[in-house]
Amino acid sequence: MEYNIHDAKSNLSKLIVQAIEGKEVVISKAGKPVVKLVRITSDKKKKREIGIYQGKTKISKEFFEPLPSDEISGFFS
């Protein structure tokens, strides 16, 4: 559905309900669409996929070796 700005101001609550229901709500200014009202989906509902980088990364043996003294002292100066 398409609404002009005045109608959108007057019926904002109803337009929000329509957007939540998945309906397309477009707000126009001077007859030209300028805004689309859409529902925001929560990222919390997405489950994290375990092991998606398995086999795609490689950690070398040097990663586990101690850092040189001059690099360590650089952290504290």
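Structure first, text after, so check above.
Residues numbered from 1 in each chain as written. Predicted model: local features only at pLDDT ≥ 70, side-chain atom pairs only at ≥ 80, totals over all residues. Heavy atoms only, no water.

**Side note on the side chain of Ser 28**
Checked against the element boundaries, Ser 28 lands in strand 2 (residues 25-29). Note on Ser 28: relative accessible area 5%, which makes it buried. Apart from residues lying up to four places away in sequence, Ser 28 is in contact with Glu 2, Tyr 3, Asn 4, Ile 5, Pro 33 and Val 34. (Helix = DSSP H or I, 4+ residues; strand = E, 2+ residues; numbered from the N terminus. Buried < 20%, exposed > 50% of the residue type's maximum accessible area, 1.4 Å probe, protein only. Contact = heavy atoms within 4.5 Å.)

**Looking at unusual backbone geometry**
With glycine set apart, most residues show a phi of negative sign, and most peptide bonds adopt trans. The phi dihedral of Ala 30 is positive, around 55°, even though this residue is not glycine. With respect to the helices and strands, the residue Ala 30 is situated in the loop between strand 2 and strand 3 (32-37).

**Some details on the sheet that holds strand 3**
Judged by pairing direction, the sheet is mixed, and its 3 strands sit side by side in the order 1-2-3 without closing on themselves. The strands lining the two open edges of the sheet, one partner per strand, are strand 1 (2-4) and strand 3. Shown here is a sheet whose adjacent strand axes are inclined to one another by a mean of 35°, direction ignored. Note that strand 1 and strand 2 share 3 bridges and pair parallel. By the bridge assignment for strand 2, Asn 4 is matched with Ser 28. (Pairing = 2+ DSSP bridges. Axes fitted to C-alpha atoms, helices over the stretch in contact; angles between N-to-C directions.)

**As for the environment of Ser 60**
Along the polypeptide, Ser 60 turns up in the loop between strand 3 and helix 3 (69-75). Within the structure, Ser 60 has its side chain in polar contact with the side chain of Glu 62 (distance 3.1 Å). (Polar contact = N/O pair within 3.5 Å; in protein donor to acceptor, adjacent residues only side chain to side chain.)

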